[in-house]
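As a plain string of letters, each chain reads:
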Amino acid sequence: MSNSQSLAVEYRPSRFNDVVGQRHVTVPLSRAISSGRLAQQLLLTGGSGLGKTTLARAAAAALLCESPVDGDSCGSCDVCKDIAAGSHVDVIELDAASNGGVDQIRELSKRASLGAMRGDRKVYIIDEAHGITGAGSQAFLKLLEEPPTHTTWFLCTTDPEKMIATLRGRCVQFELLTPPAADLAKN
């Protein structure tokens, strides 16, 4: 283990097949990706530490992978490695708790209108989505109502009730649950 990484970061799953206890989310996502029918706007909810952002990254890898396998990423191509390292130019993560104001959302909308740099798709992962301000939510709602066709949006939150209902209503929602103890022990 690297001295600069926590155990959680060191052993973070990068593929759907490596995610423990969330098959009710990973199976439909991988099937949707495999069939080319993944919604453009997804909301991942659940308690802290359940893997919402990790799952969004795994989905980004499955979407952008050079050699996908049954709706999952290969885990070994340059795209997968870059996503796992957090350095893929077309996978953009934003912490809405500190960047959810109307000006930041408008800037995000401008960036989203630009095409992908390495492929044909950009994936946006909005962490702490409940932190988007009221005015920011209105600007973001416009973006989710008419997203650029080359974008996929993952909104991740521990508290979806703090988001405006119309914003939640634009997304396909998946709730992550605490994995069964047996699954955790096995892992």
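Residues numbered from 1 in each chain as written. Predicted model: local features only at pLDDT ≥ 70, side-chain atom pairs only at ≥ 80, totals over all residues. Heavy atoms only, no water.

### Side note on the packing of helix α6 (residues 102-112) against helix α7 (residues 134-145)
Between α6 and α7, whose axes approach to 7 Å, the crossing angle comes to 15 degrees. As summarised for this structure, α6 and α7 are arranged roughly parallel, according to the angle between their axes. In this structure, α6 meets α7 at a crossing whose hand is right-handed. Along its contact with α6, which presents Val102, Ile105, Arg106, Leu108, Ser109 and Ala112, the element α7 presents Ala135, Gly136, Ala139, Phe140 and Leu143. Residue composition of the contact of α6 with α7, by class: 8 nonpolar, 2 polar and 1 charged. (Axes fitted to C-alpha atoms, helices over the stretch in contact; angles between N-to-C directions. Helix = DSSP H or I, 4+ residues; strand = E, 2+ residues; numbered from the N terminus. Parallel < 35°, antiparallel > 145°, perpendicular 65-115°, else oblique. Left-handed = near helix turned anticlockwise from the far one by under 90°. Contact = heavy atoms within 4.5 Å. Nonpolar A, V, L, I, M, F, W, Y, C, P; charged D, E, K, R; others polar.)

### A word on the environment of Pro179
Tracing the backbone through its elements, the reader meets Pro179 in the loop between β5 (172-175) and α9 (181-186). Measuring from C-alpha to C-alpha, the distance between Pro179 and Gly21 comes to 4.4 Å, with 158 residues separating the pair along the chain. Among residues more than four places away in sequence, those in contact with Pro179 are Val20, Gly21, Gln22, Leu50 and Leu184.

### Things to note about the packing of aromatic side chains
This model, assessed by the stated rule, comprises 2 aromatic pairs. Judged by centre distance (4.3 Å) and plane angle (15 degrees), the ring pair of Tyr124 and Trp153 falls under stacked. Of this pair, Tyr124 sits in strand β3 (residues 122-127) while Trp153 sits in strand β4 (residues 151-157), placing them 29 residues apart in sequence. For Tyr124, a relative accessible area of 1% puts it in the buried group. Among the aromatic residues, those joined into a ring-pair cluster are Tyr124, Phe140 and Trp153. (Phe/Tyr/Trp six-rings, centres within 6.5 Å; stacked < 30°, edge-to-face > 60°. Buried < 20%, exposed > 50% of the residue type's maximum accessible area, 1.4 Å probe, protein only.)

### Concerning the nonpolar core
With 30 residues, the main nonpolar core has Phe16, Leu29, Leu44, Leu55 and Phe154 as its most contacted residues. The set of elements that each furnish at least two residues to this core consists of α2 (23-35), β1 (41-45), α3 (52-64), α4 (78-85), β3 and β4. At 8 residues, the largest contribution of residues to this core is made by α3. Not counting the four nearest positions on each side in its chain, Phe16 is found in contact with Thr26, Leu29, Ser30, Ile33, Leu55, Ala58, Ala59, Ala62, Gly71 and Asp72. In this structure, Leu94, Ala96, Met163 and Leu167 belong to the second largest nonpolar core, which totals 21 residues. (Core = buried A, V, L, I, M, F, W, Y, C linked by side-chain atoms within 4.5 Å.)

### Focus on unusual backbone geometry
Located in the positive-phi region is Asp70, a residue other than glycine, with phi close to 50 degrees. Locating Asp70 in the fold gives a position in the loop between α3 and α4. Take Asp70: its relative accessible area is 70%, and that puts it in the exposed class. Of note, Glu128 is a non-glycine position whose phi angle comes to about 55 degrees, a positive value. Tracing the chain through its elements places Glu128 in the loop between β3 and α7.

### As for α6
Burial in α6 covers these residues: Ile105, Leu108 and Ala112. Along the long axis of α6, the arc covered by the buried residues comes to 55 degrees, so they all point the same way. Looking at α6, the residues exposed on the side facing more than 90 degrees away from the buried face are Asp103 and Lys110. Elements that come into contact with the buried residues of α6 comprise β2 (91-95), α5 (96-99), β3, α7 and β4. (Arc of directions from axis to C-beta.)

### Here we look at the pattern of salt bridges
Scanning the entire structure with this criterion turns up 5 salt bridges. Ionic pairing is found between Asp82 and Arg118, a salt bridge with its closest N-O pair at 2.4 Å. A residue pair is termed long-range when its members are at least 10 positions apart, and Asp82 in helix α4 and Arg118 in the loop between α6 and β3 qualify at 36 residues. By relative accessible area, which is 40% here, Arg118 ends up partly exposed. (Salt bridge = Lys/Arg side-chain N within 4 Å of Asp/Glu carboxyl O.)

### Here's the deal with the sheet that holds β3
Within the open sheet, the 5 strands sit side by side as β2-β3-β4-β1-β5. Their pairing is parallel. Pairing within the sheet leaves two strands with one partner each, and these edge strands are β2 and β5. Taking the axes of each pair of neighbouring strands and ignoring which way they run, one obtains an average angle of 20 degrees across the sheet. With 4 bridges connecting them, β1 and β5 associate as parallel partners. Opposite Thr45, over in β5, you have Glu175 as the bridge partner. Lying on the sheet, α7 is in contact with β1, β3 and β4; it crosses β4 at an angle near 135 degrees. (Pairing = 2+ DSSP bridges.)

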